[in-house]
Amino acid sequence: MRILAIRGKNLASLAGDFDVDFQAEPLASAGLFAISGPTGAGKSTLLDALCLALYERTPRLGKAASRNESIPDVGDNSVTPSDPRTLLRRGASEGFAEVDFVGSDGVPYRSRWSVRRAYNKAHGKLQNADVSLTRLNDQQVLSCHQKIATLKLIEDRIGLNFDQFTRAVLLA
């Protein structure tokens, strides 16, 4: 697996759209690089976006306590601390994480995780997140109608499950 690009919108500390293209300079010719910056700059959020798009999970949220605890959301609604939708930036009505990658089969794909609030209003109830997989060569959507099946398709294209990915690739 080779990561080609990471894109997103309104995730945690990263407001608006962001795009990291590993095929464009200066990253295209960099053999090794560091993600650095001050606290709150979005370093961990960038890694969260990568994991959300591929697995709908992140190491950070996996460690969140969820023993019958909940985080207040809008109105009377609440979410668990480990719910990936909590990464939607406060005050945002929608957000996404998207990763372009070359799969273990040598084919380029785009994996996308997206979430929105009801009526696309910042005070709307969080809706279920969507996950999709698209083959980039012909723009064919390979997603199934079931999220679990789509996540399995993505995992098969990567060749690593979430735990293997976080140990071998992410190293967060």
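Attention here is on the structure that accompanies the text.

Cut-offs used in this document
Residues numbered from 1 in each chain as written. Predicted model: local features only at pLDDT ≥ 70, side-chain atom pairs only at ≥ 80, totals over all residues. Heavy atoms only, no water. Helix = DSSP H or I, 4+ residues; strand = E, 2+ residues; numbered from the N terminus. Buried < 20%, exposed > 50% of the residue type's maximum accessible area, 1.4 Å probe, protein only. Contact = heavy atoms within 4.5 Å. Areas by Shrake-Rupley, 256 points an atom, 1.4 Å probe, with all protein chains shown as cover. Lys, Arg positive; Asp, Glu negative; His and termini not counted. Charge placed at Lys NZ, Arg CZ, Asp CG, Glu CD. Polar contact = N/O pair within 3.5 Å; in protein donor to acceptor, adjacent residues only side chain to side chain. Core = buried A, V, L, I, M, F, W, Y, C linked by side-chain atoms within 4.5 Å. 1 Å grid on protein atoms, 1.4 Å probe; cavity = no way out; pocket = protein on both sides within 12 Å on 5 of 7 lines; lining within 4 Å. Points joined across faces, edges and corners; volume = space filled by probe spheres on them. Nonpolar A, V, L, I, M, F, W, Y, C, P; charged D, E, K, R; others polar. Expected span 1.5 Å × (residues − 1). Phe/Tyr/Trp six-rings, centres within 6.5 Å; stacked < 30°, edge-to-face > 60°. Pairing = 2+ DSSP bridges. Axes fitted to C-alpha atoms, helices over the stretch in contact; angles between N-to-C directions.

Helix and strand counts for the protein stand at 4 helices and 8 strands. When the helices and strands of the protein are read in sequence order from the N terminus, they spell out β-β-α-α-β-β-β-β-β-β-α-α. Considering only C-alpha atoms, the protein reaches an extent of 50 × 40 × 30 Å along its principal axes. Expressed as a percentage of the 172 residues in the protein, the buried residues total 42%. Put simply, 54% of the contacts in the protein that link residues at least 6 apart link residues at least 24 apart. Looking at the protein as shown, the accessible area adds up to about 9600 Å², and 48% of this sits on carbon and sulfur atoms. Across the protein, the mean location of the 22 positive side-chain charges is 4 Å away from that of the 19 negative side-chain charges.

A few words now on the side chain of Thr 45. Its place among the elements puts Thr 45 in helix H1 (residues 43-55). Look at Thr 45 and you get buried, because its relative accessible area is 5%. Looking at Thr 45, its side chain comes within polar contact range of the side chain of Ser 13, at 3.3 Å. Residues in contact with Thr 45, not counting those within four places in the same chain, are Leu 11, Ala 12, Ser 13, Leu 14 and Arg 60.

Core analysis: the largest hydrophobic core is formed by 38 residues, its most contacted members being Ile 6, Leu 54 and Trp 113. Of all the elements in the fold, those that place two or more residues in this core are strand E1 (2-11), strand E2 (14-21), H1, strand E5 (94-102), strand E6 (108-116), strand E7 (130-135), helix H3 (147-158) and helix H4 (162-170).

Turning next to the layout of surface pockets. For the largest pocket, the calculated volume is near 290 Å³. Every residue lining the largest pocket is listed: Arg 2, Ile 3, Ile 6, Phe 22, Phe 33, Ile 35, Leu 46, Leu 47, Leu 50, Val 169 and Leu 170. Only E1, H1 and H4 provide two or more residues apiece to the lining of the largest pocket. By residue class, the composition of the lining of the largest pocket is 10 nonpolar, no polar and 1 charged.

Attention shifts here to H3. Between its first and last C-alpha atoms H3 spans 17 Å; for 12 residues at 1.5 Å apiece the expected length is 16 Å, and the two agree. Next to the buried residues of H3 lie H1, E5, E6 and E7. Immediately downstream of H3, the backbone of Gly 159 shows phi near 90°, a positive value.

With that settled, the discussion passes to the packing of aromatic side chains. In this structure the tally under the stated criterion is 4 aromatic pairs. Here the aromatic rings of Tyr 55 and Phe 162 are separated by 5.6 Å at their centres, their planes lie at 70°, and the arrangement is edge-to-face. Of this pair, Tyr 55 sits in helix H1 while Phe 162 sits in helix H4, and the two are 107 residues apart along the sequence. For Tyr 55, a relative accessible area of 7% corresponds to the buried category. Judged by relative accessible area, which is 8%, Phe 162 ranks as buried.

Glancing now at the sheet that holds E1. One open sheet holds the 6 strands; their spatial order is E2-E1-E5-E6-E7-E8, and the pairing between them is antiparallel. Unpaired on one side and paired on the other, E2 and strand E8 (140-141) mark the two borders of the sheet. In this sheet, E5 lies alongside E1 in antiparallel orientation, the contact comprising 7 bridges. Pairing of Arg 7 across the sheet is with Glu 98, part of E5. Its contacts with the sheet place H3 against E5, E6 and E7, and it is angled at close to 40° to E7.

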